[in-house]
Amino acid sequence: MANSATTAVPSLPWRFSTRTLDPDEASEQGAQTYYPLRMSVLRGAEQFMMSIDAMQLGPILVGDCQFNADIKMDFAELRKFYHFNIPLSGYLSSENLGNEVTATPQRAVLYGPTGDVQLSRWSAGSRILCVKIRREALEAELERLLQRPVRSPINLAPSMDLTHGYGRILRELVCMLAGQIGIEDPLTRQEIIGAPLWHGMLSHLLAAADHNYREELLSPGPPSRPPAVKRVIEAMRASPATPFTAAALADIAGVSIRTLQAAFQTHVDMSPMAYLRSVRLERVHAELVASEPSYTSVTDVAHRWGFTHLGRFATAYRQKYGAHPSETLRSVR
């Protein structure tokens, strides 16, 4: 067995690089970075080397991965994750749920949370961007875009075009993020930049990949809402933590409280305060999904987004997301 090359020890938990000449060590490191797997070398064992440069951005892990030999891998179902691979060079052939796909620089391969993955060949020298996404984050992003609950999991198509439209933009976003991995102090670490970037990546994935909600997602919106309703919605979404009252929202709308409530029931199908609570829950959920449990408190997050009564908050959260907020925070990353 070849001796392993010097392995870089990550200075920060959100970024690391590793190199190894040992297939067994490569399997172990690949499993630690992504998922439990079985790996074997198909051809070129004498020149085997694996390299991974990876960075965590919120609920997304972007890895720039390469093997100097033909390899195969087997994964159990991903369960708590969605995943896609974008080859920058070479190709990757795999099967999931009976769908056989060869990923190339023009076409990505996608895997959902269910079904084992058989990666039959990662061609030698292929450089592939491997993107791991927390399941809850992608599903929360879809709910945010549709402004309604969705049934889990999202049935993503097994492949996605990267040559035009949303797919091309998604590829450019992933490449840009991969380019940040080697920068000492990347701008993506700043919340004001990093959060919009990972939200944008999830939105573009949902727009680029075919799935059971895509037609609804890309279709024209519902009939135009009255200006008064739009003003209130914009104010709430811009600053959901603000302690709005019904009277304050009516002032923003320029109408009476009763008129605003009736307009919301007609055009939004809920009261203004119920809509505000829903927006706040979205923000809490997104922050819990993207946060590190050892540094984050559910209480702090709830208070930050305007929830002062933790019991009512927890009940509303369970009704919307089917889990206690602490379960979301502790879920596997």
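This one's a predicted model, so the numbers in the text were calculated from it and none came from an experiment. (Residues numbered from 1 in each chain as written. Predicted model: local features only at pLDDT ≥ 70, side-chain atom pairs only at ≥ 80, totals over all residues. Heavy atoms only, no water.)

Novice: Explain the side chain of H211 to me, using residue names and the numbers behind them.
Specialist: Summarising the element assignment, H211 is placed in the loop between α4 (191-208) and α5 (214-218). Of the polar contacts made by the side chain of H211, one reaches the backbone nitrogen of R214; its length is 3.2 Å. Every residue in contact with H211, bar those within four places of it in the chain, is listed here: I154, N155, L156, L206 and L217. (Helix = DSSP H or I, 4+ residues; strand = E, 2+ residues; numbered from the N terminus. Polar contact = N/O pair within 3.5 Å; in protein donor to acceptor, adjacent residues only side chain to side chain. Contact = heavy atoms within 4.5 Å.)

Novice: Outline the pattern of salt bridges, listing residues and values.
Specialist: Taken as a whole and judged by the stated rule, the model has 11 salt bridges. Ionic pairing is found between E141 and R144, a salt bridge with its closest N-O pair at 2.5 Å. A residue pair is termed a helical-turn pair when its members lie 3 or 4 positions apart in one helix, as E141 and R144 do in helix α2 (residues 135-146) at three residues. A residue is classified by how much of its surface remains accessible, and E141, at 2% relative accessible area, is buried. In this structure, a network of salt bridges that share partners links the residues R43, D70 and R121. (Salt bridge = Lys/Arg side-chain N within 4 Å of Asp/Glu carboxyl O. Buried < 20%, exposed > 50% of the residue type's maximum accessible area, 1.4 Å probe, protein only.)

Novice: Pulling in residues and values, what's your account of the environment of A262?
Specialist: Tracing the backbone through its elements, the reader meets A262 in helix α8 (residues 257-267). Taking the C-alpha atoms as reference, A262 lies 59 Å from E28; in sequence the two are 234 residues apart.

Novice: A description of the packing of aromatic side chains should follow, citing residues and the corresponding values.
Specialist: Following the criterion strictly, the structure yields nine aromatic pairs and no others. Here Y34 and Y35 contribute two aromatic rings whose centre-to-centre distance is 6.0 Å and whose plane-to-plane angle is 50°, an arrangement assigned as tilted. When sorted by exposure, Y34 lands in the same class as Y35, which is buried. For the ring pair F48 and F67, a centre distance of 6.0 Å and an interplane angle of 45° mean the geometry is tilted. With F48 in the loop between β2 (37-43) and β3 (50-57) and F67 in strand β4 (residues 60-67), the pair connects residues that are 19 residues apart, well separated along the chain. Both residues of the pair, F48 and F67, belong to the buried class. Above the plane of the ring of F81 lies K132, whose end atom (NZ or CZ) is 4.5 Å from the centre. (Phe/Tyr/Trp six-rings, centres within 6.5 Å; stacked < 30°, edge-to-face > 60°. Lys NZ or Arg CZ within 6 Å of the ring centre and 35° of its normal.)

Any link to function would need more than the numbers given here.
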